[in-house]
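# Structure assessment
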Amino acid sequence: MKIEKLEKLVTEGRNPRTMNIDSVSTLEMIEMINEEDKKVAEAVGEAKESIAKAVDIIADRLSKGGRLIYTGAGTSGRLGILDASECPPTYGVSFDLVQGLIAGGHTAIFKAVEGAEDNKELGKTDLIEKNLTDKDVVCGIAASGRTPYVIGGMEYAKEVGAAAICVTMNPESEMAKVADVPIAVVVGPEVIMGSTRMKSGTAQKLVLNMLTTGTMIKLGKVYSNLMIDVQSTNEKLVARAKRITMMATGEIEENVVKILNETNFDVKLSVVMIKTGLDKESARKLLDKNKGYVQKAIEASK
């Protein structure tokens, strides 16, 4: 990329507040980084309307059998994979529902694959291999908003009728021109010029948290503010399942454990059984009828 084009990117600017970061004390150094980090959440807040629109699109597509597929390079790609991998244990969804693609494939998760992000055709090919359809959503992630690999994937998404969203840190980016919903979080120049794993990466993580958390709430994976579809795959999660069920129902641990054992630790089903007094099969049918929404199922039983 030409120098003059780099200079126009907010993320490639030189931060005037950290020019002497290499000559201050360690504490002052950390204070500088912390002061810059404080600006990230506020910047994300400025993009809240776009984030909300994106959540509505994702929830609608996923409710109709679609998938959310993140695509990115480097830090951006890794953050997409991280967010995708955390959805199944937290919300009980399949590993196919939210997926992450990174330029350069599996190797690039741990070690940079030089040149992969510059390959626009690779971004398309990786989505073809995922059998992308018009039910799906592709979310491109790139601090610069100009990564060819990501743009190639987003353009292919539009070709097949999938929804295209992007998360960038530069306004009016190339990716924004392709996206149905562009999300631009302008965090300003990094503490260390061009080190977009810092404020940009933090902003991306916050946005991705919102996208999947908001979507899962709209898909009935949350009751009040409890992760009602948590998977009890280890001791910590088993304990969490018990606690969530107790908090959701007000029932004592002994009775909760009895019901959880009956449902094979299906927290959502257990809560509905306890709250409605229905047997397992009746509670399951009620949940199915109400598309997995606990509150709606409980209200429908009255």
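Just so we're clear, the structure is a prediction, and the values are computed from it rather than from any experiment.

## Some remarks on the UniProt feature "active site" (unreviewed entry) in the protein
Here the UniProt feature "active site" (unreviewed entry) sits at Glu86 and Glu117. A maximum C-alpha distance of 24.3 Å is found for the annotated residues, which run over 32 residues; spatially they are spread out rather than grouped. Looking only at the residues we just named, the largest pocket is lined by Glu117. In this fold, Glu86 is placed in helix 4 (residues 74–91). By relative accessible area, Glu86 is classed as partly exposed at 37%. You can call Glu117 partly exposed: its relative accessible area is 35%. Ignoring any residue separated from it by four or fewer positions in sequence, one finds Glu117 in contact with Ala73, Ala103, Thr147, Pro148 and Tyr149.

## What to know about the nonpolar core
Grouped together as the largest cluster of nonpolar side chains are 36 residues, with contacts concentrated most on Tyr70, Val167, Ile183, Val185 and Leu211. Excluding residues that lie within four positions of it along the chain, Leu211 makes contacts with Ile51, Ala54, Val55, Ile58, Tyr70, Cys139, Val167 and Ile183. Listed in part, the 23 residues of the second largest apolar core include Tyr223, Ile259, Leu260 and Leu287.

## Considerations on the state of the cysteines
Going through the model one piece at a time under the given rule, you end up with 0 disulfides. As a non-bridged cysteine, Cys87 has Cys139 as the owner of its nearest cysteine sulfur, 12 Å distant. This cysteine, Cys139, is not joined by any disulfide, and Cys166 carries the nearest cysteine sulfur, 7.6 Å off. What makes Cys139 buried here is its relative accessible area of 0%.

## Considering the layout of surface pockets
The space that makes up the largest pocket amounts to roughly 560 Å³. Every residue lining the largest pocket is counted, 30 residues in all, and those nearest its centre are Ala73, Gly74, Thr75, Glu117 and Thr196. Of all the elements, helix 4 adds the most residues to the lining of the largest pocket, at 4 residues.

## Thoughts on unusual backbone geometry
One non-glycine residue, Glu172, adopts positive backbone phi at about 55°. Along the chain, Glu172 turns up in the loop between strand 4 (163–168) and helix 8 (174–178). Its identity is not glycine, yet Phe265 carries a phi of approximately 60°, on the positive side. Turning to its location among the elements, Phe265 is positioned in the loop between helix 11 (253–262) and helix 12 (267–276).

## Side note on the packing of helix 4 against helix 9 (residues 199–218)
Where helix 4 meets helix 9, the axes come as close as 10 Å, and the angle between the chain directions of the two elements is 30°. Here helix 9 runs roughly parallel to helix 4, going by the angle between their axes. The two elements helix 4 and helix 9 meet at a crossing, and its hand is right-handed. Residues Ser76, Leu79, Gly80, Leu82, Asp83, Glu86, Cys87 and Tyr91 of helix 4 lie in contact with helix 9, whose contacting residues are Gly201, Gln204, Lys205, Leu208, Asn209, Thr212, Thr213 and Met216.

The rules behind each value
Sequence positions are assigned chain by chain, starting from 1 and proceeding in written order. Only residues with pLDDT of at least 70 get local features here, since the model is predicted, and only at 80 or more are side-chain atom pairs given and counted; chain-wide, interface and lining totals rely on the full set of residues. Each side-chain value is derived from all of the structure's non-hydrogen atoms; neither hydrogens nor water enter the calculation. UniProt positions are given in the numbering used here, feature names are shortened, and annotations may be inferred rather than shown by experiment. Both site types are read off a 1 Å grid over the protein atoms alone. A 1.4 Å probe that fits but cannot get out defines a cavity, while an open set with protein on both sides within 12 Å along at least five of seven lines defines a pocket; lining residues have an atom within 4 Å of a point. Think of it this way: any DSSP run of H or I at least four residues long counts as a helix, any run of E at least two long counts as a strand, and we number them from the N terminus. Three labels apply to residues, based on accessible area from a 1.4 Å probe with only protein chains included: buried if under 20% of the type maximum, exposed if over 50%, partly exposed otherwise in between. Whether two residues are in contact is decided by their heavy atoms: any pair within 4.5 Å suffices. Residue types Ala, Val, Leu, Ile, Met, Phe, Trp, Tyr and Cys, when buried and joined through side-chain atoms within 4.5 Å, form a set referred to as a nonpolar core. By definition, disulfides here are pairs of cysteine sulfur atoms that lie within 2.5 Å. Grid points are joined across faces, edges and corners, and a volume is the space filled by probe spheres set on the points. Comment: axis = line fitted to C-alpha atoms, over the contacting stretch for helices; angle = value between 0 and 180 degrees taken between N-to-C directions. Any angle that is under 35 degrees is reported as roughly parallel, and any over 145 degrees as roughly antiparallel; angles of 65 to 115 degrees are reported as roughly perpendicular and all others as oblique. Should the near helix be turned counterclockwise from the far one by less than a right angle, the crossing is left-handed, whereas a clockwise turn marks it as right-handed.

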